[in-house]
Amino acid sequence: MKLFTKVLFSFFLVLTGSSIAQNKIEGAIVDDKDQPSSFCALALLKSGDSSQVKGNITDADGKFSFEAIPSGTFIIKASASGFDDGYSGVIIIDSLSKINLEPIVLKTKAVNLNEVAVTVIRKPVEFKNGNIVMNVQDSPIAIGNTVYDLLTKLPGVSIVDDVISIQGKGGVRIMIDDRIQQLPAAALINMLRSMNSSNVDKIEILKNPPAKYDAAGSAMINIKLKKVKLTGFSGSTYVNYMQGFYSIKDGGLSLNYKGRNFAVFSNFTSGYNEYRYYSDFTKRVTFNNTTTEFHQLTGERNANLFYTYNGGADWYINKRNTVGFKIDGGEGTFTSYRSGNNYLSDNTLGYKELEFGSTRPNNWRFLNININSEHKLDSSGTLLKISADYSPNGDVHKGDFQNYFLDSLGNNALYPTIFKTNNKLDYVFYSARIDFEKPLSKTSKFETGVKANQQSMLSDILFQTFDHSSSTYKTDSVYTNVFQYREQISAAYINFQKEYKKFNFYAGLRGENTLVEAESKTSGFTFTRQYFNLFPVASIDYNASQKNSFTIAYNRRIDRPGFTQFNPYKFFMNLFVSFEGNPYLMPQYNNSLEFSHNYKGSLFNTVYLSKVHHSFYGYPVQNDSTKESLNRTSNLDNLHIIGYNVYYQKDITKWWFAAFSGNISLLEFNGNVEGNTYGDASYQYYAFLNSVFTLPQKIKFEINANIMAENQVVIYVNQPKWQVDFALKKSFLKEKMNLVVGMNDIFFTMVNRNTVRYRNISSELFNTSDTRRFKVNLSYNFGKIKVQQRKTKSNEEEKRRLSH
């Protein structure tokens with residue numbers, strides 16, 4: 001820690017040595033229905049000769065900012081299809097100015113227009129406010145992939161065994177349109193694999209979420225879906241095909257209508273995706289001075305047949321009140337067909353080879369119904385937001401398992417072990433929240449809110465083994481289990497933000513009370529836990545100069561054990577590998593401190609420190625007589641992470657944009673593993689490179705490279721892996737039709753390798769999935785803009801409506 005303090009202090013001294021003053025213009029663009037104008041083209045013009053000084057676009061909420069502006073007098077011009085150009089008043093700025101403009105209102109043109117296409121150029125990958133953002137619709141590589149695939153392409157994000165981590169920290173939570181997803185891990189992965197990028201606007205990595213968000217998770221990934229942008233009727237459709245070892249086929253249709261007082265939106269997708277998994281696993285177990293080697297070869301084909309849908313409406317009752325509803329859902333069947341052989345080096349178990357196979361269909365469904373409203377209480381921007389969700393979901397996991405024991409000649413050495421499972425899982429979520437925002441002045445803002453959340457899950461597992469004497473399946477009472485889990489979280493938060501000269505101060509505090517009740521109706525086991533935690537969040541921004549700005553930020557977060565981690569039921573992958581939950585697993589708490597530097601909006605340096613108390617870790621428990629590895633999850637005492645991250649983005653030329661991200665971190669963990677003191681340390685490295693080339697004839701070419709160096713997670717040492725993706729996008733028909741062709745993991749190098757040296761176990765694992773795939777995606781956008789008669793005054797204070 002002393003070394004880290006010295007590095008942090010030296011970093012600050014070096015960067016502040018070049019500090020001079022910084023200026024900034026901030027504002028928003030709204031249309032004549034008081035709605036935000038998303039991705040509107042902006043130009044900062046000299047007031048004297050109207051020559052352009054800078055260009056920009058608004059974000060999804062219609063907001064914008066200009067920084068590092070030369071002293072002088074300027075006006076801002078805003079342009080959007082279907083609207084007359086809008087202008088600000090004259091702006092006088094010097095090197096110290098920080099100006100917040102009144103919203104610029106765009107008025108609808110007074111004539112009907114034919115079909116139009118709105119073209120907005122955004123960088124595929126950006127670094128904004130300390131967060132990495134992938135603009136999906138501006139990335140040829142992203143188009144056509146599932147959301148699950150997109151997550152693996154984000155800088156610093158890795159997914160191993162369906163566990164998502166960022167910069168070495170697990171417990172990452174997924175949000176969709178700012179709503180946290182509470183599905184169990186397997187159901188969440190099914191949903192992400194069924195979501196196509198065609199429905200996604202952007203994906204944000206939030207490493208320091210504000211206090212208004214749930215405190216759960218070491219970090220958050222926010223998936224922002226597309227919104228209705230065109231006034232009148234609009235829509236899009238796509239078809240997508242990918243070919244690897246197996247194929248992926250899906251398509252979708254989106255239809256929307258936005259009128260003067262209401263908007264209706266809908267989307268439907270359907271597909272059939274297949275994936276390949278291959279594993280080569282070697283394990284050596286030493287017992288009674290005898291070492292037995294297992295060499296297991298496994299092949300697996302996974303098939304996912306699905307459809308998803310979402311729809312809703314917003315009613316703009318008047319300028320100050322909006323109500324809306326939204327429904328999201330989907331159903332499908334994800335089936336895993338697995339087969340393989342396990343070769344043993346000796347005959348201590350009575351056989352030399354295990355031939356195994358299984359078929360595991362998983363019928364899944366998810367549904368979320370949301371109602372919401374937003375109320376503007378005054379003209380200064382005071383807002384009251386109300387939102388409620390109801391989400392009934394279900395899964396049925398079935399499995400048929402066959403195991404044949406052979407001698408060295410391939411003959412049956414023992415009776416086959418055949419069994420089947422049926423796990424019915426129902427989970428229901430309720431949540432409601434109220435948020436209040438009050439601007440205290442042009443430079444300060446106050447927020448507060450409350451939220452209540454309840455989830456209830458019921459797992460009914462039937463385990464049956466085949467009885468050879470009667471040729472029937474009989475229920476095994478040891479592994480049959482009915483388990484109920486209930487969790488209630490009540491929360492309240494308060495935020496305060498203040499700008500003062502060159503500083504921006506933010507402080508937030510969130511309190512959460514958690515009640516957990518678990519019961520095994522089969523064994524009679526019951527468990528109750530209640531706890532209250534406070535989660536402070538704070539940051540200070542210092543705009544030191546036109547070129548340099550600095551931020552120091554702190555937050556505290558929690559990661560609660562999931563339902564499957566709590567359930568003390570034993571789940572079999574095969575006869576030698578099983579998993580068991582831990583009802584005594586404690587939540588893990590993450591305290592993070594970051595210091596970052598921004599140079600000219602292009603170079604971002606971040607030094608960070610995290611301490612994770614009660615860190616989750618998985619480990620195998622070896623049964624020396626049966627050679628079975630039982631995988632459990634428990635708590636380590638502490639995990640310390642010290643790291644440095646750099647991000648650089650630049651328009652090399654007018655036609656070439658490049659972005660680079662690199663990270664190095666040191667992880668130190670210590671605690672107790674199965675009664676033994678354990679401690680170790682390891683370094684983690686990753687690098688990410690993105691280049692986009694805008695070519696003639698409306699062609700865009702993009703190439704990505706991801707590199708992850710060797711790293712260690714407790715007892716697992718993961719070997720380096722890397723991948724290169726490319727894609728080309730061509731636009732037709734006035735950019736309404738887009739064709740994308742490309743290939744993921746060109747060199748087929750995104751393979752997982754790890755080793756374990758733990759007690760009397762040593763192992764090496766090599767596995768691959770269907771990461772190298774050729775893709776073709778064809779999409780078509782359509783819409784008409786209609787005349788709007790209603791007009792508003794350009795000097796009215798406006799705020800954006802509730803995001804969906």
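For the structure, check the block above.
Residues numbered from 1 in each chain as written. Predicted model: local features only at pLDDT ≥ 70, side-chain atom pairs only at ≥ 80, totals over all residues. Heavy atoms only, no water.

Quick notes on the overall build of the protein
Operational definition: Helix and strand labels come from DSSP, where a helix needs a run of H or I of at least four residues and a strand needs a run of E of at least two; each type is numbered from the N terminus. The rule is simple: take the accessible area with a 1.4 Å probe, protein chains only, and divide by the maximum for that residue type; under 20% is buried, over 50% is exposed, in between is partly exposed. Any two residues having at least one pair of non-hydrogen atoms within 4.5 Å are treated as being in contact. Methods summary: accessible areas were calculated by the Shrake-Rupley approach with a probe of 1.4 Å, and residue burial reflects only the protein chains presented.
When you go through the protein residue by residue, the secondary structure sums to four helices and 48 strands. For the protein, the proportion of its 804 residues judged to be buried stands at 53%. Taking as baseline every contact in the protein between residues at least 6 positions apart, the subset at least 24 positions apart corresponds to 66%. A total accessible area of about 34500 Å² is found for the protein, and carbon and sulfur atoms account for 57% of it.

Some points on the pairing of strand β33 (residues 577–580)
Note the following rule: Paired strands, as defined in this entry, are two strands with at least two bridges between them according to DSSP.
Bridge count between strand β32 (residues 570–574) and β33: four bridges; the pairing is antiparallel. Looking across to β33, one finds that Lys570 is bridged to Glu580. Linking β32 to β33, which pair antiparallel, is a turn of two residues. As paired elements, β33 and strand β37 (residues 629–635) share three bridges and run parallel to each other. Each bridged residue has a counterpart across the sheet, and for Phe579 the counterpart in β37 is Asn631.

Things to note about the pairing of strand β25 (residues 417–441)
As paired strands, strand β24 (residues 383–406) and β25 are joined by 21 bridges and run antiparallel to one another. Within β25, the residue paired with Asp400 across the bridge is Lys420. As paired elements, β25 and strand β26 (residues 444–467) share 22 bridges and run antiparallel to each other. Looking across to β26, one finds that Asp435 is bridged to Gly449. In this antiparallel pair of consecutive strands, β25 and β26, the connection spans two residues.

Describing the nonpolar core
In plain terms, the rule: Take the buried residues of types Ala, Val, Leu, Ile, Met, Phe, Trp, Tyr and Cys, join any two whose side-chain atoms come within 4.5 Å, and each joined set is a nonpolar core.
Formed by 46 residues in total, the largest nonpolar core has its most connected members in Leu151, Leu192, Ile203, Ile221 and Ile223. Element by element, the count of residues in this core is highest for helix α3 (residues 185–193), at five residues. Beyond its immediate chain neighbours, meaning those up to four positions away, Leu151 contacts Val157, Ile159, Ile164, Ile174, Leu192, Ile203 and Ile221. With 16 residues, the next largest nonpolar core counts Phe66, Ala78, Phe83 and Ile93 among its residues.

Observations concerning the sheet that holds β33
What counts is decided by this rule: Only the stretch in contact is used when a helix axis is fitted, and all axes are lines through C-alpha atoms; the angle between N-to-C directions ranges over 0 to 180 degrees.
Spatial ordering of the open sheet is given by β32-β33-β37-β36, a layout of four strands whose pairing is mixed. Of all strands in the sheet, those bounded by a partner on one side alone are β32 and β36 (616–622). Each strand of the sheet is rotated relative to its neighbour by a mean of 25°, with strand direction disregarded.

Things to note about the side chain of Asn631
As for its placement among the helices and strands, Asn631 is situated in strand β37. Residues in contact with Asn631, not counting those within four places in the same chain, are Val577, Ser578, Phe579, Glu580, Tyr619, Pro620 and Tyr716.

Examining the pattern of salt bridges
The following threshold applies: Here a salt bridge means any side-chain nitrogen of Lys or Arg lying within 4 Å of a carboxyl oxygen belonging to Asp or Glu.
What the rule picks out here adds up to 29 salt bridges. A salt bridge links Glu300 to Arg338; its shortest N-O distance comes to 2.5 Å. Placement of the pair is Glu300 in strand β21 (residues 290–316) and Arg338 in strand β22 (residues 321–344), with a sequence separation of 38 residues. Take Glu300 and Arg338: they sit in the same class, and that class is buried. Connected via shared salt-bridge partners are Lys212, Lys385, Glu437, Lys445 and Glu447.

Some points on the packing of aromatic side chains
Going by this rule: Classification of ring pairs uses Phe, Tyr and Trp, with its six-membered ring standing for Trp, and accepts pairs whose centres are within 6.5 Å; under 30 degrees between planes counts as stacked, over 60 as edge-to-face, and the remaining range as tilted. Consider the ring centre and the ring normal. A charge sits over the ring if Lys NZ or Arg CZ is within 6 Å of that centre and within 35 degrees of that normal.
Overall, the coordinates contain 30 aromatic pairs when judged by the stated rule. Through a chain of ring-to-ring contacts, three or more aromatic side chains come together here, namely Phe503, Phe505, Tyr542, Phe550 and Phe595. One cation-aromatic arrangement involves Lys420 over Tyr473; the distance from NZ or CZ to the ring centre is 4.3 Å. Positioned above the aromatic ring of Phe732, the side-chain terminus of Lys730 is 5.4 Å from the ring centre.

So, unusual backbone geometry
Phi angles above zero are rare outside glycine, and Asn288 is one such case at about 55°. If you trace the backbone, Asn288 turns up in the loop between β20 (262–287) and β21. For Asn288, a relative accessible area of 61% gives the class exposed. Phi is positive for Glu735, which is not a glycine, with a value near 70°. Assignment of secondary structure puts Glu735 in the loop between β44 (721–732) and β45 (737–744).

These figures capture arrangement, not role.
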